[in-house]
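Breakdown of the fold
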Amino acid sequence: MSYIEVKNCYKTYKIGQNIIKANDDINFTIEKNEFVVILGSSGAGKSTMLNLLGGMDRLDSGSIQIDNIDISKYNDKQLIEYRRNDVGFVFQFYNLISNLTAKENVELACELVKNPLNPIEVLNEVGLSNRINNFPTQLSGGEAQRVAIARAIAKNPKILLCDEPTGALDFQTGKQILKLLRNLSKKSTVIVVTHNYEISKIADKVIKFSDGKIKEISINQNIMKVDDLEW
Ligand SMILES: Nc1ncnc2c1ncn2[C@@H]1O[C@H](COP(=O)(O)OP(=O)(O)O)[C@@H](O)[C@H]1O
Ligand SMILES: [Mg+2]
């Protein structure tokens, strides 16, 4: 049994008369501490899948097992607990609270969960020891994303879900963020959604989406070092 098992997962959206098959019979497995890239062009269904994995949306049919529990059977209250305690999210545009400092953003997340890590220690770990009392507007994009990552991992989540985490960053800064995420997969299972093929080279496993379906699943035999990435 794998750590994550997605089976026959369907998710449709209705817009007027149109039915969009955002996830159309998705099947894959992910092992604990795997660093996985979900790759595909815009509209392929990547974010839909990530939101289902994170309990932010519900599938139409199928199952999503995480650590031996089928989260698709959770009721609303169980889903809230799941999102709170088991999942860390990192978004393209950081989504920090602008009137709270870096430290306060992380502390707020820690207040909600059962087994948080120490906010200062986590901010140190992501390389922000000298920025803890700054507000988001006083931070560069890369620093803001580090705060967002600190906030996500301070919850001590089982899985870390990242939707285009380098999408708003320049190349060098993006690489530093990828290095950080890659290292975090030693402690948590990390799933990164991207449209950037180059990023898939640093993954253990690549799940390729196209038009709501899985086109290919591959295990990288030669995992590229983040430092060697170019785009
Ligand atoms: N909440 C929604 N309501 C209606 N359509 C949606 C919604 N979310 C996504 N879609 C549609 O589902 C398809 C897949 O979207 P998405 O998962 O966001 O793709 P990706 O992240 O790969 O760009 C797209 O056609 C998108 O327009
Ligand atoms: Mg998306």
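A brief look at the structure comes next. (Residues numbered from 1 in each chain as written. Chains lettered and ligands numbered in written order. Predicted model: local features only at pLDDT ≥ 70, side-chain atom pairs only at ≥ 80, totals over all residues. Heavy atoms only, no water.)

1. Some words on empty space enclosed by the protein
Empty space among the atoms becomes visible once a probe the size of a water molecule is rolled across them. Considering all chains together, one arrives at 1 cavity of 30 Å³ or more under this definition. What the largest cavity holds in volume is close to 30 Å³. Lining the largest cavity are Ile 66, Ile 69, Ile 71, Tyr 74, Tyr 82, Asp 86 and Lys 158. Along the lines of polarity and charge, the residues of the lining of the largest cavity split into 5 nonpolar, no polar and 2 charged. (1 Å grid on protein atoms, 1.4 Å probe; cavity = no way out; pocket = protein on both sides within 12 Å on 5 of 7 lines; lining within 4 Å. Points joined across faces, edges and corners; volume = space filled by probe spheres on them. Nonpolar A, V, L, I, M, F, W, Y, C, P; charged D, E, K, R; others polar.)

2. Section: unusual backbone geometry
Positive phi, close to 75°, is recorded for Asn 68, a residue that is not glycine. Mapped onto the elements of the fold, Asn 68 is located in the loop between strand S4 (61-66) and strand S5 (69-70). Positive phi values are uncommon outside glycine, yet Glu 164 reaches one of about 50°. In this structure Glu 164 comes out as buried when scored by relative accessible area, which is 12%. (Helix = DSSP H or I, 4+ residues; strand = E, 2+ residues; numbered from the N terminus. Buried < 20%, exposed > 50% of the residue type's maximum accessible area, 1.4 Å probe, protein only.)

3. A look at the packing of aromatic side chains
Using the criterion set out here, one finds 2 aromatic pairs in the structure. Pairing Tyr 74 with Tyr 82 gives two aromatic rings, centres 6.0 Å apart and planes at 55°, and the pair type is tilted. Here the two residues Tyr 74 and Tyr 82 agree in accessibility, since each one is buried. (Phe/Tyr/Trp six-rings, centres within 6.5 Å; stacked < 30°, edge-to-face > 60°.)

4. Some remarks on the pattern of salt bridges
Under the counting rule described, the total for this entry stands at 14 salt bridges. The partner of Arg 131 in a salt bridge is Glu 143, and the shortest N-O contact between them spans 3.2 Å. Of this pair, Arg 131 sits in the loop between helix H4 (119-125) and helix H5 (141-154) while Glu 143 sits in helix H5, placing them 12 residues apart in sequence. Among the ionic pairs, Lys 201 bridges to Glu 198, the shortest N-O distance being 2.7 Å. Of the residues examined, Lys 201 reaches a relative accessible area of 25% and is grouped as partly exposed. (Salt bridge = Lys/Arg side-chain N within 4 Å of Asp/Glu carboxyl O.)

5. With respect to the sheet that holds S4
The strand order across the open sheet formed by 4 strands is S2-S1-S4-S5, and the pairing between neighbours is antiparallel. Sheet topology places strand S2 (18-30) and S5 at the edges, where each strand pairs with a single neighbour. Across 10 bridges, strand S1 (residues 4-15) lies against S2 in antiparallel orientation. Paired with Thr 12 across the bridge in S2 is Lys 21. On top of the sheet, helix H1 (residues 46-53) reaches S1, S2 and S4; it is set at about 120° to S1, its chief contact. (Pairing = 2+ DSSP bridges. Contact = heavy atoms within 4.5 Å. Axes fitted to C-alpha atoms, helices over the stretch in contact; angles between N-to-C directions.)

6. A few points about the site of ligand 1
Around ligand 1, the neighbouring residues are Tyr 13, Ile 15, Ile 20, Ala 22, Ser 41, Ser 42, Gly 43, Ala 44, Gly 45, Lys 46, Ser 47 and Thr 48. In the model, an oxygen atom of ligand 1 is placed 3.1 Å from a nitrogen or oxygen of the Ala 44 main chain. The contact in question runs from an oxygen atom of ligand 1 to an N or O atom on the backbone of Gly 45, over 3.0 Å. Taking 560 Å² as the accessible area of ligand 1 by itself, protein coverage stands at 63%. By residue number, the principal contributor to the shell around ligand 1 is H1, which donates 3 residues. Looking at the shell around ligand 1 residue by residue, the classes come out as 5 nonpolar, 6 polar and 1 charged. (Near = heavy atom within 4 Å. Polar contact = N/O pair within 3.5 Å; in protein donor to acceptor, adjacent residues only side chain to side chain. Areas by Shrake-Rupley, 256 points an atom, 1.4 Å probe, with all protein chains shown as cover.)

7. A look at H5
The end-to-end C-alpha distance of H5, which contains 14 residues, comes to 20 Å, matching closely the 20 Å that a straight helix rising 1.5 Å per residue would cover. Burial analysis of H5 places 12 of its 14 residues in the buried class, which makes it a mostly covered element. Among the residues making up H5, those that are buried are Gly 142, Ala 144, Gln 145, Arg 146, Val 147, Ala 148, Ile 149, Ala 150, Arg 151, Ala 152, Ile 153 and Ala 154. Buried residues along H5 sit in contact with strand S6 (87-90), helix H3 (102-111), H4, strand S7 (159-163) and helix H6 (171-184). Note on H5: the residue one or two positions beyond its end, Asn 156, has a positive phi of about 60°. (Expected span 1.5 Å × (residues − 1).)

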